[in-house]
Every structure is written in C-alpha cells, then in structure tokens.
Amino acid sequence: MTPTIKKIRANYKKAILSSQKLYASRRRKDTAGAVRYTKGKLVEDITKDIISIAWSRIPGRKNLLMMDRKKISVTTNGETYKLSQDIHVHINDVFRISVECKSYTEVAMYKRILMDAHLLKRAVPTIESFFVVQLENFLGGDYGSQMSPKGSDSVITLDRVFPDLNINIITLLDGNRNIERPLHKSEYFKPLTDERLEYAVNQFAQTMTKCLNNRE
C-alpha cells in the first residue's frame, strides 16, 4: 500500500517523541547514540515514503521501482573501494537515482557526499540524479526558509567542482538547526508541514519522470 502525507507526518511525530523520551532518560544511561540513530532512521524512512508517493503519481508507469543500498565497487589502479549511499533507486532494474539522508548536513559532510556521488557516477553511469534529504538545515543559505532555495555560497562553490553531478538538496523542516534548541527536547519540537512534503514528492516525481523519458 502506498503511504500518505498524513501517515508520514504521524510517523515523524512518533519518532521525534521517541527521541525525546530517550533524551529524557539520559541520566540513567547513555542514549546519545540512540537519539542520533532514531533521527537518522527517521529521515531515511520518510524519504522512502516520499519516493513511493512520487512514483504512485507518475501516470501510466509500467516500470518496476525498487530501492536498496547495496555496495557499489569502484576500481582505480587495480584497487577496489566499495561504497553506497542511503537509498539507491532502481527503475526497471536500472540504478537511476541515489539519495543521502541526514538529520542535518554540514559542509564537511557535504564534501564527503559529493565525493561519494562522483565515484558512484563513474562506476554507474546510469545514475542521473543525486538527492540530499536533510531534516534540518545546517548548510547556511536559504534551504530552511525557501521551498526552492538558491543555496549557500559554500554549497554553490563545491557544486562547481563537480559540474557533471545533478544534486538536489531537500530540507524537510522549516528554519535552521540550532544546536542549543535540538528537536529531541520537547520544547523545541518542529512540525513537519504538508507544503515541504509535497515539494519533496514533486521533486522526486519530476526526476523519475525525466529518467523514464530519457530512456524511452
């Protein structure tokens, strides 16, 4: 059954409440890792649901959609390096879209994402688009304030070093990450809006439609 926007919002609230409970029990045991894991898995689960909804909205689709995160072998100078991103989207058994999911993305993380994307693109030329889906913005710029952001100086500069990569950054929550106001504290809860979810669905639907059209 295809998920719904309403269900995504309900699952998000449930997961954030879970992270808040974990944080509240921090004095009894070390829960920092569990809090990070809960938020990281949340973004990945939300993104998979967004992709499924986007696929369901493509008219006349006959191709098969499949998601995995299998390691890809990259070989240079006789040496092999295996890597993957969080979600590999296959259409009709062809790897077309690669997605990295983060509770937030800082510039150092983004550099790593770009390099991994570059290596993946070299190893799998059929990949047409890359996405970074982040819960909160920590890249500067207007990612947390605009649906269709212009970006930040650092990201724009880094993207120019990899002109062959098509990367779409999607931020799920309004505003920017504030390390002194974390989501896992109940007083700093942020709602997940229909507007941002619909924007994310549309971005994936447009990309998947282009992938289908480019291969027909």
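Details of the structure are given in the entry above.
Residues numbered from 1 in each chain as written. Predicted model: local features only at pLDDT ≥ 70, side-chain atom pairs only at ≥ 80, totals over all residues. Heavy atoms only, no water.

## With respect to the overall build of the chain
- Of the regular secondary structure elements, the chain holds 5 helices and 7 strands.
- Secondary structure of the chain in N-to-C order comes out as α-α-β-β-β-β-β-α-β-α-β-α.
- Relative to the 2.2 N^0.38 estimate, which gives 17 Å for 216 residues, the radius of gyration of the chain is 18 Å and therefore close to what a compact globule would have.
- Expressed along its principal axes, the backbone C-alpha trace of the chain runs to roughly 55 × 45 × 35 Å.
- Counting every position in the chain, which comprises 216 residues, the buried fraction comes to 45%.
- Of all intrachain contacts in the chain linking residues separated by at least 6 positions in sequence, the fraction that spans at least 24 positions is 70%.
- Looking at the chain as shown, the accessible area adds up to about 11800 Å², and 48% of this sits on carbon and sulfur atoms. (Helix = DSSP H or I, 4+ residues; strand = E, 2+ residues; numbered from the N terminus. Rg over C-alpha atoms; globule rule 2.2 N^0.38 Å. Buried < 20%, exposed > 50% of the residue type's maximum accessible area, 1.4 Å probe, protein only. Contact = heavy atoms within 4.5 Å. Areas by Shrake-Rupley, 256 points an atom, 1.4 Å probe, with all protein chains shown as cover.)

## Some thoughts on the packing of aromatic side chains
- A full pass over the atoms with the stated rule returns 3 aromatic pairs.
- Here tyrosine 104 and phenylalanine 138 contribute two aromatic rings whose centre-to-centre distance is 5.5 Å and whose plane-to-plane angle is 80°, an arrangement assigned as edge-to-face. Of this pair, tyrosine 104 sits in strand E5 (residues 94–105) while phenylalanine 138 is found in the loop between strand E6 (129–137) and helix H4 (153–161), placing the two residues 34 residues apart along the sequence.
- By relative accessible area, which is 22% here, tyrosine 104 ends up partly exposed.
- Between phenylalanine 131 and phenylalanine 204, the ring centres sit 3.9 Å apart and the planes meet at 15°, which makes this aromatic pair stacked. Placement of phenylalanine 131 in strand E6 and of phenylalanine 204 in helix H5 (residues 194–215) is noted, with a sequence separation of 73 residues between them. The pair formed by phenylalanine 131 and phenylalanine 204 is uniform in burial state, with each residue classed as buried. (Phe/Tyr/Trp six-rings, centres within 6.5 Å; stacked < 30°, edge-to-face > 60°.)

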